[in-house]
Amino acid sequence: MSILQTTHLTKQYGKEPNIVKALDDVNISIEQGEFVAVVGTSGSGKSTLLNMLGGLDRPSGGSVKVDNYELGKLSDEDLTIFRRRCIGFIFQNYNLVPVLNVYENIVMPIQLDGKKPDETFIQEVTALLGLEKKLYNMPNTLSGGQQQRVSIARALASKPAIILADEPTGNLDSKTSEEVINLLKVTSQQFHQTIVMITHNPEIAKQADRCIQIEDGRVAN
Amino acid sequence: MIRTLTNRSFQKNKDRNLVAALAIFLTTMMFTTLFTLTQSMGQNITEMYLRQSGTMAHASTKQITDAQIEQIAAHPDVVSFGKSLVAGIAENERLAGRQLEIRYGSDQYAKDSFAYPTTGKMPETKDEIALDTLILERLGVPLELGQTVTLEWQEGPSTFTLCGWWEGNLSVYASMAWVSEAFVLEACDNASAPKEGQILGLRMMGITFSDHKNIDEKVETVLRDCGITDVEFNTNLAYTAEIQYSIFRENLPMYGGMLIVFLAGYFIIYNVFQISVASDIQFYGKLKTLGTTTKQIKKIIYGQGNRLSLIGIPIGLVTGYLLGSVFVPLLIPNTEMELTTSANPIIFIGAAVFAYITVLVSCMLPARLAGKVSPIEALRYTDASDNVRKKRKKTENGASLYGMAWGNLWRNRKRTVMVLCSLTLGLVLMSYFYAKNASFDVEKYLMDLTVADYEIHDTTEKGQAISDTLLADIAALGTVEATGRLYSAEVELTLSEQAKNNLRAFYTDERLKDFASYDPSFPSWKEQFDYVLDGGENTYTVYGVDGLILEAAASDNYILNGSFDTEKFAEGMYCLAIGPSTDPSDTLPTYSVGEKVQIADREFEVMAVVRPLQPMVSGVSQQVFDLPLVIPADIFQEFWPECNPRKFYFDVADETMEDAYRLLTEYQQTKALGMNIVSRQSMAEQYEAETRALAVMGYAISIVIALVGVLNFINSMVTAIISRKREFAIIQSIGMTKRQLCQMLMFEGGYYAGMTLIASYILGTVTVGVIVRAMVEGGFSTFHFTLLPLVCCTLVLVILAVMLPYVCFRNLEKQSIVERLRAE
């Protein structure tokens with residue numbers, strides 16, 4: 001069963017005659033539990049695609065369907081709520097909230113939703129990611145790899161439909177990168193978690209179950 | 001290149017420029033206002049004293065010869081001089097009450113004396129005269145050149161033709177009647193000096209130097225150079241050190257204000273630049289990597305400061321000057337003189353320089369920060385100072401909105417503290433000034449000056465008493481609510497041993513010496529004092545009082561010793577002794593309480609010693625050495641039935657206040673020109689005028705400080721939100737709704753307001769409850785505990801704290817999350 005589907009997805013920036021087609025008729029489908037890598041050179045449109053999938057930006061044409069939500073039809077407020085329930089984000093620069101400690105960062109999306117975090121699940125996740133001893137640390141006391149693990153934990157915590165990872169290893173050295181990718185892979189398998197990861201590194205892309213190549217805003221096969 | 005960078009970076013930061021330019025504008029405006037006020041105050045006070053002394057000349061002499069005048073006039077230090085030749089004083093009946101001096105004066109002398117004709121000219125021929133409008137009005141001469149004017153003086157009546165006039169001014173001690181030199185010379189038979197004890201033919205001279213500093217020394221030099229020893233020049237009162245010092249003292253609060261403005265301006269401008277530099281730190285890091293030197297980076301920042309000054313300072317100068325000219329009349333309650341707002345270039349130069357210095361000082365630290373940044377550090381730099389932050393936070397409460405807001409508040413500790421301090425300072429100062437003003441007790445102040453709606457004191461009637469007809473007229477008003485009578489008589493008495501001992505104990509050598517140093521009447525006082533102590537009989541004043549004046553004179557505030565019992569006093573066996581007005585000491589220089597005193601043929605026991613009450617004693621006693629006693633008015637009348645009251649006090653119903661006033665003034669005009677009328681209302685008005693200046697100044701300063709606090713608050717809130725644009729986008733992307741974000745920001749504003757208010761209430765309570773209470777002790781004040789301004793500001797602050805984040809948030813919303821996420 002496909003958890004994410006785009007049909008004729010198009011995104012344009014600017015106005016005539018200077019239209020830039022960031023995405024042009026993209027049709028992709030991702031299955032539940034898949035670990036997919038989206039690869040492409042810089043400027044190919046992969047970040048735009050990720051923003052579309054995560055409901056951060058609205059398409060100019062076509063549709064995005066995630067977990068039976070038609071994103072184009074949601075209001076801004078509903079989109080935010082959709083995001084915190086169905087999407088987990090992992091950013092290249094971790095994007096942790098500096099005034100919150102590790103634990104608070106992890107449970108923030110859940111608490112913003114007014115729900116109680118599933119403590120056993122959180123424990124499981126933090127144990128898997130090796131964060132048990134760092135729960136009360138502030139983000140600025142952690143290394144890059146540790147911070148990225150926190151953001152993975154944050155993405156996992158609300159058991160989202162999909163995790164969207166934008167160059168998750170972009171700021172990390174190769175050894176740490178490998179560790180993080182492995183963790184992503186393990187979590188994908190262990191929690192049957194759908195993960196869509198953007199990268200421009202073919203080595204990292206190889207670790208994924210499937211690779212989608214984007215070139216000039218189109219899916220290349 | 002540096003210039004291009006400065007320009008570009010200037011254009012990039014539009015919002016910051018607005019805030020900074022506004023801050024510079026406000027700073028300049030306040031500086032200009034204060035400079036305008038100090039200058040104008042100085043100028044007006046000097047002017048006031050100049051008029052009092054009657055001349056603008058730096059130094060003047062009242063006795064000199066023509067030869068000496070010529071000699072001094074030729075001295076290089078003397079910039080200008082005026083010469084006058086006195087004829088005499090006009091004695092026309094219609095001029096009673098206003099001195100008119102008939103003199104010849106050179107043009108310069110007339111100008112220096114505020115008496116140069118504005119219409120017509122100075123007299124040239126023997127029959128010409130120039131006068132001021134006040135005198136012409138009194139003489140009944142129409143304002144028209146060529147009119148005939150006759151003046152009576154010691155040489156008989158002289159008739160002149162009016163050749164010029166100017167606007168008369170009552171603040172100058174006397175009016176001038178300018179006549180020609182020929183007229184005076186003829187009158188004194190060309191004598192070169194006046195006859196002994198005469199003023200006819202007296203030569204006077206006023207000289208002016210290049211500036212009014214060290215006039216005494218300059219005069220000395222001139223006289224020494226000319227070899228003149230028998231002429232004494234007086235330095236103009238307005239330019240003496242004492243007056244100049246008093247001007248400085250009047251201006252002290254203004255100088256304090258300048259310091260505060262400097263600090264306040266510094267806070268804002270520094271904040272603006274600090275934030276701007278911090279957010280552009282990567283940019284400066286890149287510049288450094290590319291080889292820009294520290295000096296050049298600093299230049300970029302100072303360059304931006306200069307540009308902002310160029311916009312802010314001129315606007316500030318203009319508005320500040322206008323504001324100053326509005327304030328001048330409020331600060332100087334004197335209404336008789338036409339007030340001028342000084343347009344001295346010092347105002348503009350000074351304010352501009354001060355404002356510019358503030359800008360430079362404010363840019364100093366940010367420039368250093370930008371200058372010393374290392375390229376690598378710059379990439380990691382965030383506005384918050386990371387190093388002082390806690391490493392771990394033990395909590396499992398998770399991410400609550402208010403918790404996050406609290407955390408955000410302390411990301412830049414220094415700034416937050418600064419905002420809190422300036423807001424609190426403003427509020428506390430405002431409370432202080434308000435409480436202090438509110439403590440001034442008009443009633444207490446008036447009590448010392450008047451005890452009733454009206455007080456009349458007739459000094460023209462025979463025996464200086466109030467006529468029965470007037471008393472009957474007042475009673476006929478029908479609305480008199482309370483009255484008070486005051487009689488007085490002079491009684492011959494010999495002091496008791498007890499009283500003499502009290503006097504000896506009170507007037508120690510030290511006190512006597514002190515007394516002698518300031519009171520010119522001391523020798524005659526001392527003579528009687530010694531005589532009395534030797535057992536001599538002396539004349540003392542005995543007052544007979546009842547009603548309003550007795551109540552006031554024997555009120556608790558005025559009792560120095562003993563206690564007052566109205567009923568017992570009325571029996572006629574007791575009297576009150578009036579003691580000193582100064583602070584009570586162990587012994588009082590009068591009778592002791594309980595002592596017996598013989599007045600007329602009755603013996604009175606001293607019930608209490610009271611402070612002299614002005615409405616009772618002023619203008620009554622003529623004795624140099626006096627130990628006044630007070631007895632009931634009825635008893636007084638028994639002793640001296642022929643006496644009428646010296647003073648009469650009465651309260652009338654409010655609706656007939658005007659009628660009573662009309663009755664009194666009519667009587668004054670028609671029957672008793674010398675009758676003195678004191679109305680509580682006019683006293684209250686005078687009081688208002690006297691205290692207004694202080695109040696206005698106090699409020700102005702506290703409003704400025706509070707304004708600075710608010711500006712700082714707005715600035716730090718806005719920049720905190722703008723600089724966290726991206727962070728908000730992140731939180732939004734992982735699921736914080738707009739509502740929640742908005743709430744969080746409002747929490748932050750709320751914390752600011754809350755903490756400010758808590759601090760203000762605590763400090764305000766301490767300030768008002770302790771400091772103000774201590775300060776208003778005694779004097780004309782009654783302490784009231786009030787934090788009214790604080791209560792008023794509470795609402796304003798809370799609204800601001802909630803509205804501001806909301807407005808910022810709306811602004812933020814215009815950019816999409818993706819845009820903000822990308823923005824680096």
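Each value, and the rule that gives it
- Residues numbered from 1 in each chain as written.
- Chains lettered and ligands numbered in written order.
- Predicted model: local features only at pLDDT ≥ 70, side-chain atom pairs only at ≥ 80, totals over all residues.
- Heavy atoms only, no water.
- Pairing = 2+ DSSP bridges.
- Helix = DSSP H or I, 4+ residues; strand = E, 2+ residues; numbered from the N terminus.
- Axes fitted to C-alpha atoms, helices over the stretch in contact; angles between N-to-C directions.
- Contact = heavy atoms within 4.5 Å.
- Buried < 20%, exposed > 50% of the residue type's maximum accessible area, 1.4 Å probe, protein only.
- Phe/Tyr/Trp six-rings, centres within 6.5 Å; stacked < 30°, edge-to-face > 60°.

Visitor: Break down the sheet that holds strand β8 (residues 194-199) of chain A for me, citing the residues and quoting the values.
Guide: Residue and element names in this part refer to chain A. Across the sheet, six strands lie side by side as β6-β7-β8-β3-β9-β10; this open sheet has mixed pairing. Both edges of this open sheet fall to β6 (87-90) and β10 (218-220), since each of them pairs with a single strand only. In this sheet, neighbouring strand axes are inclined to one another by 25° on average, regardless of whether the strands run parallel or antiparallel. Pairing between strand β9 (residues 210-215) and β10: three bridges, direction antiparallel. Bridge pairing links E215 to R218 in β10.

Visitor: Tell me about the sheet that holds strand β1 (residues 2-13) of chain A, residues and numbers included.
Guide: Residue and element names in this part refer to chain A. The antiparallel open sheet is built from four strands, whose spatial order is β2-β1-β4-β5. Of all strands in the sheet, those with a lone pairing partner are β2 (20-31) and β5 (69-70), marking the two edges. Where β1 meets strand β4 (residues 61-66), five bridges bridge the pair, whose relative direction is antiparallel. Within the sheet, the bridge partner assigned to Q5 lies in β4 and is K65. Most of the contacts of helix α1 (residues 46-53) go to β1, to which it runs at about 125°, and overall it touches β1, β2 and β4.

Visitor: Got a sec to walk through the environment of L427 of chain B? Specific residues and values, please.
Guide: All names here are of chain B. Its location among the elements puts L427 in helix α14 (residues 413-439). With relative accessibility at 5%, the residue L427 sits in the buried group. Separated by 364 residues in the primary sequence, L427 and V791 place their C-alpha atoms 9.9 Å from one another.

Visitor: Describe the packing of aromatic side chains, naming the residues involved and giving the relevant values.
Guide: All names here are of chain B. Inspection of every chain in the model, using the stated rule, returns 29 aromatic pairs over all chains. Note on Y507 and F529: the rings are 5.3 Å apart at their centroids and 75° apart in plane angle, and the pair reads as edge-to-face. A residue pair is termed long-range when its members are at least 10 positions apart, and Y507 in the loop between α17 (497-506) and α18 (509-518) and F529 in helix α19 (residues 522-533) qualify at 22 residues. Of the residues examined, F529 reaches a relative accessible area of 4% and is grouped as buried.

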